[in-house]
Amino acid sequence: MTIRFTAKARRGLIALPLAIGLAFGVTSCGGAGDDEKPKTSPTTSKTSESKPDAQEGDSEGTLAELRGPDGLLLTVTTAQRDDGGFVTVSGDLKNDGDKSVNVPAQLSGDETEIIRNGKSLGGATLVDSRGKKRYYVLRDTEGRPLTTTKFPALKAGEVLPVFMQFPAPPADTTEVTLQLPMFATGTITISG
């Protein structure tokens, strides 16, 4: 076997469980508790062109909304603690602007090993203020960050599902701050 074949096989082994996990997360969020949602009139509902405030986080299932440059908006929908000792933060990166935008390279952070692997969310951190610790994005054995990578240019209104994996804080820590270069910070609650 060649090294190239082995690397492709490893990527496939990592990508498949992540895709299944993301699909499970999307399907498990819908349907439950729909009867309890307040009804809104058509005149007050939001369209896909609406631009929510950076502080707006009242949508059910939204943990935080972080505003970034050029109309980028990161909506965090889940922060799930897993048995393997890590936390997976998932959500959507939306171009809430009027024109196409390239995702800034600064989101990858400034570590040479991560930058070498292309655009990613490798610069993200979770901060546990109470425990006075900062958690960086996990990396695989070849130095690739365990986040969404290789971002395309986002057209106006386009939404891209994203994820980031971090080492898990202690079990009694449920509230952390998510930081991403060039974006506002947001406090999220870890479940699980």
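Residues numbered from 1 in each chain as written. Predicted model: local features only at pLDDT ≥ 70, side-chain atom pairs only at ≥ 80, totals over all residues. Heavy atoms only, no water.

**Remarks on the overall build of the protein chain**
A tally of helices and strands in the protein chain yields two helices and eight strands. Relative to its full complement of 192 residues, the protein chain shows a buried share of 35%. The contacts of the protein chain with a sequence gap of at least 6 include a subset with a gap of at least 24, amounting to 59%. Accessible surface computed for the protein chain: about 11,600 Å², of which carbon and sulfur atoms make up 56%. (Helix = DSSP H or I, 4+ residues; strand = E, 2+ residues; numbered from the N terminus. Buried < 20%, exposed > 50% of the residue type's maximum accessible area, 1.4 Å probe, protein only. Contact = heavy atoms within 4.5 Å. Areas by Shrake-Rupley, 256 points an atom, 1.4 Å probe, with all protein chains shown as cover.)

**Let's talk about the pairing of strand β3 (residues 86-95)**
Counting buried positions along β3 gives eight out of ten residues, so the element sits mostly inside the fold. Both strand β2 (residues 72-81) and β3 contribute to a ladder of nine bridges, which runs antiparallel. Among the inter-strand pairings, threonine 78 is bridged to a residue of β3, identified as serine 90. (Pairing = 2+ DSSP bridges.)

**Description of the sheet that holds β2**
Hydrogen bonds between backbone groups are what pair the strands of a sheet, and the pairing can be parallel or antiparallel. Pairing within the open sheet is antiparallel, and its four strands lie in the order β1-β2-β3-β6. In this open sheet, the two strands that pair with only one neighbour each are β1 (64-67) and β6 (159-167). Each strand of the sheet is rotated relative to its neighbour by a mean of 25 degrees, with strand direction disregarded. Sheet topology note: the β3/β6 ladder contains nine bridges and is antiparallel. (Axes fitted to C-alpha atoms, helices over the stretch in contact; angles between N-to-C directions.)

**Here we look at the sheet that holds strand β5 (residues 133-136)**
Read across the open sheet, the four strands follow the order β5-β4-β7-β8; overall the sheet is antiparallel. Each edge of the open sheet carries a strand with a single partner, namely β5 and β8 (186-189). When the angles between neighbouring strand axes are averaged without regard to direction, this sheet yields 30 degrees.

**What to know about the environment of leucine 72**
Relative to the helices and strands, leucine 72 resides in strand β2. In this view, leucine 72 contacts Leu66, Arg67, Leu93, Lys94, Asn95, Val101, Pro104, Leu154 and Phe183; residues no more than four positions away in its chain are not counted.

**Re the side chain of asparagine 95**
Note that asparagine 95 resides in strand β3. The exposure class of asparagine 95 is buried, given its relative accessible area of 0%. A polar contact is formed between the side chain of asparagine 95 and the backbone oxygen of leucine 154, at a distance of 2.8 Å. The contact partners of asparagine 95, leaving out residues within four places of it in the chain, are Asp70, Gly71, Leu72, Ser100, Val101, Leu154, Lys155, Ala156, Gly157 and Glu158. (Polar contact = N/O pair within 3.5 Å; in protein donor to acceptor, adjacent residues only side chain to side chain.)

**Quick notes on the pattern of salt bridges**
Under the counting rule described, the total for this entry stands at six salt bridges. Between arginine 67 and aspartate 96 there is a salt bridge; the shortest N-O distance is 3.2 Å. Taken together, the residues arginine 67 in strand β1 and aspartate 96 in the loop between β3 and α2 (112-115) connect sequence positions 29 residues apart. Classification of arginine 67 as partly exposed rests on a relative accessible area of 23%. It is possible to trace a salt-bridge network through shared partners that takes in Arg67, Lys94 and Asp96. (Salt bridge = Lys/Arg side-chain N within 4 Å of Asp/Glu carboxyl O.)

**Some remarks on the nonpolar core**
Membership of the largest hydrophobic core comes to 29 residues, with the highest contact counts inside it found for Leu74, Val89, Leu93, Leu126, Leu178 and Ile188. Elements with a minimum of two residues in this core: β1, β2, β3, β6 and β7 (175-179). Here leucine 93 is in contact with Leu72, Leu73, Leu74, Val103, Phe151, Leu154, Glu158, Val159, Leu160, Val162 and Phe183, once residues within four sequence places are set aside. (Core = buried A, V, L, I, M, F, W, Y, C linked by side-chain atoms within 4.5 Å.)

Read these as geometric descriptors, not functional statements.
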